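Listed below are the residues making up each chain.
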Amino acid sequence: MNAPGTTEPTEVITRARAGDAEAWGQLYHDYAPAIFRFCRRALPTREDAEDATMEIFMKLKGKLGQYDMTRSFTAWLYKVAANHCWDTLRRRKIRQDKETDDLESVPLEHPDPSQLQQLIEQRSSEEVRKALEKLGARARMALVMRYYSDMSYDEIADALGVRRAFVGVVLLRARHELRTALEGNAALAAGGTL
Amino acid sequence: MSGTPEEKMKHLDEMTCLLYIERQLDRARGLEVSAHTEECNTCRTLLWALERESRLLTRAMLEEEEPLPSRLEQFQERARKSMQWIWGLVFGLAATGAYALYTGYIQPWQQQLEQAGFGGSNLLNLLIFQGAFWKGWQSMTTLLEVLAMLTLAGLGAVVFRRRIRRGSALALVFAGLCAALAMPAPAAATEFRKGDSVRVEKDETIKGDAYLTGARVRVEGTIDGDLIVFCQSLEMNGHVTGDVISFSQSARISGQVDGNVRGANNNMTVTGTIGKNVMTFEETFTLDPNAKIGGSLTIFAANLGVEGSVGRDALLHFAHGSLAGKIAGEVRAKGDTLNISSTAVINGPVHFEGNKAPDVSSSAKLASPVEFKQMEKKHDYREGRYYVWQVIWAAAFILFGLVLFTLTPQFSQDAVKSAEQYGASAGLGVLVFFGVPIAAIVACVTVVGLFIGISTFFVWYASLYFAQIIVGAVVGQWLMGRTSELWPLIGRMAVGLIIVRLCTTIPQAGGWIKFAVMLWGMGAISLAVYRRFQPVVAPGMPSAPFTPPMPPNTRVGGLPA
């Protein structure tokens, strides 16, 4: 897949827009792994991610005409994927009311920096991925959008349907949830005041 | 914390640190944070830890720990070659099914009914019998039109859902409803009579329609309109200028009816004159030698005796039939036995499909010999054609399910979920399967409830098919795993439905399986409907958006916090 910043597949996109099946195949071949991984991180199960990847590419056929060629295709594709995944989660109603409450219960004090540092250094990528699976839908979605697909705060706000000013709160709360999941207890994530 | 200079400092909160490393603070605040962390070791460590946390997250998420599933690797090829082909096949087969349904069932019936004097030019006319069967059908026409309009509006909303706002869709629906309400209401009846014994005296004339209900109804006078009767015993000796619609145990029409006679009775005997057509459902129907029907005769009866004269064609379904009178047109009959006696005069051809060859008197005056066809058994499992039709019907079912699932995705998913409560669904299914038709019949007994009763029956009948689709979806989920997505669910429904249809073709057991599926599915639908109308306790809503306690003058990404 073309990472952000590398050359966009303009020619392939143009041909795909014109209905060239080979170009579609090329786009799918290039981008499907990244989109699948995005969905795998954002959705609860592997089957969900597989279904979502297929649906996103089906949707893409109809949406490709809306893509502005002057912008990053990768970013646009991630936006489509994020919207689809969030819609999926929303339709399933697995977004809990608790998550809305979360916005109000974010502790904004210092966590213990040394404990946080220790926690981060001790955890492997695999442990982080497992911990991610335990997070609430909104928290997981926010982290994936920000740290996997490098979406801006504006894009995240748009996808999640929250005010831009709350994106930081959502991300911070997500990190706290992640720490709780990593640590196994809420002590660190609760953020003891220094 | 003790009293070192650093510890006395006011530390940055974690939110500010996060926004700082994410470059979301405005320049001024960013410089403040930067200056603070020059001096504050704790906050600097926190920034560093948060930065590390970001990198850990990115690394963990970007690592490719599992390859692209083979399903996805093959998806593009499959989507291009296979899926479109399958859906094309399904649509093609469904279209064939619809055409076969029309040419095999609807068109012959339409032709027969046209020959029998109903002259329906389209299916809608055929269904409502040109408004003659029951006055309420006129309002049903309106309802059908409204439903058609709303269905079209709904389809339009589905097709253009991405281009219109929800408000526009609502406005569309409301406009449709308003249009429906603005439609002219059917003419109301002018006379209602109810009692143990209801009479219209000989010298009495009722101007307009008469609705009569009672144990015994006797009409000796004149009704200048339609006569609608619900009773135990009807005697119509007078004159009705419109139609007679009768629901009774015993009906005798000895007078004159200028219009049509329709109804469902236990016994009906006609000795008088009927200007137009007769269409009834009876246990026993007798047309006396002196009786005259100006138009056609359409009868569904166990025992049928026609000794009088019929001005046009006759369409007859019976167990035992006897023709001894004069029929000016064609006769199409279907039943167990048919006797055509010596006094019979039939000017048109006679077609009889029955279990036994008709007993035709040599003295009977027929335009041509009776064309007899042995009644065929419906299902012959040994014929390949039977299985071809099963495939076509399965495709038609899938298409029906596709339309239903697309138009009512949430309700369909609710019904599928309800079907997974096996006990409740089956129990409720038994109740609804037997209870609703009974309730519909009870509703029909009253004039007010007639429309509701017949509509309920139609809904009940349609749900027999929908039930199979719901069960198909459940079976599909058993095989392919649960899903709450619409299109995967439709896929599972298609697979499950094929299996269900296959099971229903098993000789002997198939019928019972189909019955069980209908009970189960119908219960699930009922359960979903029941739940839909249950009041939902709204979850506690947050009182107001929370504003994070940012330090004064803090701006997040240039926007006021």
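In short, a report on the structure. Remember, it's a predicted structure, so these values are computed and weren't measured experimentally. Once a new chain begins, its residue numbering starts again from 1 and follows that chain's sequence as written. Working convention: letters from A go to chains and numbers from 1 go to ligands, in the order in which they are written. In keeping with the predicted nature of the model, local features appear solely for residues at pLDDT of at least 70, side-chain atom pairs appear and are counted solely at 80 or more, and the whole-chain, interface and lining totals rest on all residues. In computing side-chain values, all of the structure's heavy atoms are included and hydrogens and water are not.

Turning our attention to the overall build of chain A. Per the secondary structure count, chain A includes 11 helices and 0 strands. Written out in order from the N terminus, the α and β elements of chain A read α-α-α-α-α-α-α-α-α-α-α. Throughout, a contact is declared for two residues whenever any of their heavy atoms are within 4.5 Å. Contacts in chain A between residues far apart in sequence, at least 24 positions, make up 71% of those at least 6 positions apart. Summing over all exposed atoms, chain A offers an accessible surface of approximately 8000 Å²; the carbon and sulfur share of this is 46%. Helix and strand definitions follow DSSP, with helices as H or I runs of at least four residues and strands as E runs of at least two, each counted in order from the N terminus. Each accessible area is a Shrake-Rupley result for a 1.4 Å probe, and residues are judged covered by the shown protein chains and nothing else.

What follows covers the overall build of chain B. In terms of regular secondary structure, chain B is built from 15 helices and 24 strands. Burial here depends on accessible area, computed with a 1.4 Å probe over protein chains only, as a share of the maximum for the residue type. Under 20% is buried, over 50% is exposed, and the range in between is partly exposed. Taken over 561 residues, chain B has a buried fraction of 43%. For chain B, the proportion of contacts with a sequence separation of at least 24, taken over those separated by at least 6, is 32%. Of the roughly 28900 Å² that chain B leaves accessible, carbon and sulfur atoms contribute 61%.

Residues and elements named next belong to chain B. One open sheet accounts for 10 strands, arranged E2-E4-E6-E8-E10-E12-E14-E16-E18-E21; its pairing is parallel. Strands at the two margins of the open sheet, each flanked by one partner only, are strand E2 (205-207) and strand E21 (365-366). When strand E6 (residues 239-240) meets strand E8 (residues 256-257), the two strands line up parallel, connected through 2 bridges. Pairing of His239 across the sheet is with Gln256, part of E8. For two strands to be treated as a pair, DSSP must find no fewer than two bridges joining them.

A few words on helix H4 (residues 73-91) of chain A. Spanning 19 residues, H4(A) covers 27 Å between terminal C-alpha atoms, matching the ideal 27 Å at 1.5 Å per step. Counted as a polar contact is a pair of N or O atoms within 3.5 Å, where, for protein atoms, one must be capable of donating a hydrogen and the other of accepting one, and residues adjacent in sequence contribute only when both atoms are in side chains. Between a side-chain oxygen at the N-terminus of H4(A) and the backbone nitrogen of A:Thr74 the separation is 3.4 Å; the capping residue is A:Ser72. To estimate the expected span of a helix, count its residues, drop one, and scale the result by 1.5 Å.

A contiguous nonpolar surface patch, about 470 Å² in accessible area, is contributed by B:Phe400, B:Phe457, B:Phe458, B:Tyr461 and B:Tyr465. For B:Phe457, the position within the fold is in helix H13 (residues 447-480). Exposure above 30% relative accessible area and no salt bridge define the residues that can form patches, which grow by joining like charges within 9 Å and nonpolar side chains of Val, Leu, Ile, Met, Phe, Trp and Tyr within 5 Å. Definition used for salt bridges: Asp or Glu carboxyl oxygen within 4 Å of a side-chain nitrogen of Lys or Arg.

Residue and element names in this part refer to chain B. Its location among the elements puts Gly429 in helix H12 (residues 422-445). Judged by its relative accessible area of 0%, Gly429 is buried. For the pair formed by Gly429 and Trp520, sequence separation is 91 residues and the distance between their alpha carbons is 5.5 Å. Excluding residues within four positions of it along the chain, Gly429 makes contact with Leu519, Met522 and Gly523.

What follows is about the nonpolar core. Nonpolar side chains in soluble globular proteins generally cluster together in the buried interior. If you look at the biggest cluster of nonpolar residues, it comprises 86 residues, and the most contacted ones within it are A:Phe38, A:Cys39, A:Phe73, A:Met141, A:Leu143, A:Met145 and A:Leu160. No other element matches the 12 residues that helix H2 (residues 21-42) of chain A contributes to this core. Each nonpolar core is a collection of buried residues, namely Ala, Val, Leu, Ile, Met, Phe, Trp, Tyr and Cys, held together in the definition by side-chain atoms within 4.5 Å.

What follows covers the packing of aromatic side chains. Side-chain rings of Phe, Tyr and Trp (the six-membered ring for Trp) are treated as a pair once their centres are within 6.5 Å; stacked means planes under 30 degrees apart, edge-to-face means over 60, and tilted covers the remaining angles. Inspection of the entire model under this criterion finds 25 aromatic pairs over all chains. For the pair A:Tyr67 and A:Phe73, a centre-to-centre distance of 5.2 Å together with 75° between the ring planes defines the contact as edge-to-face. A residue is classified by how much of its surface remains accessible, and A:Phe73, at 0% relative accessible area, is buried. Joined through ring pairs, the aromatic side chains of B:Phe433, B:Phe434, B:Phe457, B:Trp460, B:Trp512 and B:Phe515 make up one cluster.

With that out of the way, let us pick up the environment of B:Ala60. Of note, B:Ala60 is situated in helix H4 (residues 41-62). Contact partners of B:Ala60, with chain neighbours within four places excluded, come to A:Arg41, A:Ser125, A:Val128 and A:Arg129.

Turning to the environment of B:Ser362, a few remarks are in order. Looking at the element boundaries, B:Ser362 is found in the loop between strand E20 (359-360) and E21. Spatially, the C-alpha atoms of B:Ser362 and B:Ile340 are 9.2 Å apart, while their sequence positions differ by 22 residues.

This next bit is on the packing of helix H8 (residues 137-148) of chain A against helix H9 (residues 153-160) of chain A. Helix-helix packing: each pair is described by the crossing angle between the helix axes and the interaxial distance. Residues and elements named next belong to chain A. What counts as an axis is a line fitted to C-alpha atoms, over the stretch in contact for a helix, and the angles between N-to-C directions run from 0 to 180 degrees. Packing of H8 against H9 leaves a shortest axis separation of 10 Å and a crossing angle of 150°. Judged by the twist between their axes, the crossing of H8 over H9 is right-handed. In this structure, H8 uses Arg138, Met141, Ala142, Met145 and Arg146 to contact H9, whose residues at the interface are Tyr153, Ile156, Ala159 and Leu160. Lys, Arg, Asp and Glu make up the charged group, whereas Ala, Val, Leu, Ile, Met, Phe, Trp, Tyr, Cys and Pro make up the nonpolar group; the residues left over, Gly among them, are polar. The residue makeup of the contact of H8 with H9, split by class, is 7 nonpolar, no polar and 2 charged. Definitions for this section: a left-handed crossing has its near helix turned counterclockwise from the far helix by less than a right angle. A right-handed crossing has that turn clockwise.

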